[in-house]
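# An overview of the molecular structure
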Amino acid sequence: MGLADTFSAEDRVPVKFSDFHNIIKAAAQSEILFNGVKTNVPHEYIEAMITGKVRKDDTQNEQ
């Protein structure tokens, strides 16, 4: 019997709201990133989305 066999589909696990929020936030972020990769969004845009910053060398090369 493995670890997965000890849980049923209806088991409830107590979780703090802050932990739940972090799990949902990470799942949403990974889905957005995955969709960006699937649709060939340039990596510079994905990096800027994650970090919130545009690299200086990228902005100078576009002009």
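Please refer to the structure placed before this passage.
### Re the overall build of the chain
The helix and strand inventory of the chain stands at three helices and zero strands. Ordered by position from N to C terminus, the α and β elements of the chain give α-α-α. The buried share among the 63 residues of the chain stands at 5%. Accessible surface for the chain amounts to roughly 6,000 Å². Of this, 59% is attributable to carbon and sulfur atoms.

### So, helix α1 (residues 17-38)
The terminal C-alpha atoms of α1 lie 31 Å apart, and with 22 residues this matches the ideal 32 Å at 1.5 Å per residue to within 8%. A positive backbone phi angle near 60° is found at asparagine 40, which sits one or two residues after α1.

### Side note on a nonpolar patch on the surface
Together, Val15, Phe17, Phe20, Ile23 and Ile24 make up an exposed nonpolar region whose accessible area comes to about 530 Å². By the secondary structure assignment, phenylalanine 17 is in helix α1.

### With respect to the pattern of salt bridges
For the coordinates displayed, the defined rule picks out one salt bridge. Across the pair arginine 55 and glutamate 47 runs a salt bridge, and its minimum N-O distance is 3.8 Å. Look at arginine 55 and you get partly exposed, because its relative accessible area is 35%.

Conventions we followed
- Residues numbered from 1 in each chain as written.
- Predicted model: local features only at pLDDT ≥ 70, side-chain atom pairs only at ≥ 80, totals over all residues.
- Heavy atoms only, no water.
- Helix = DSSP H or I, 4+ residues; strand = E, 2+ residues; numbered from the N terminus.
- Buried < 20%, exposed > 50% of the residue type's maximum accessible area, 1.4 Å probe, protein only.
- Areas by Shrake-Rupley, 256 points an atom, 1.4 Å probe, with all protein chains shown as cover.
- Expected span 1.5 Å × (residues − 1).
- Patch = residues over 30% accessible without salt bridge, like charges linked within 9 Å, V, L, I, M, F, W, Y side chains within 5 Å.
- Salt bridge = Lys/Arg side-chain N within 4 Å of Asp/Glu carboxyl O.

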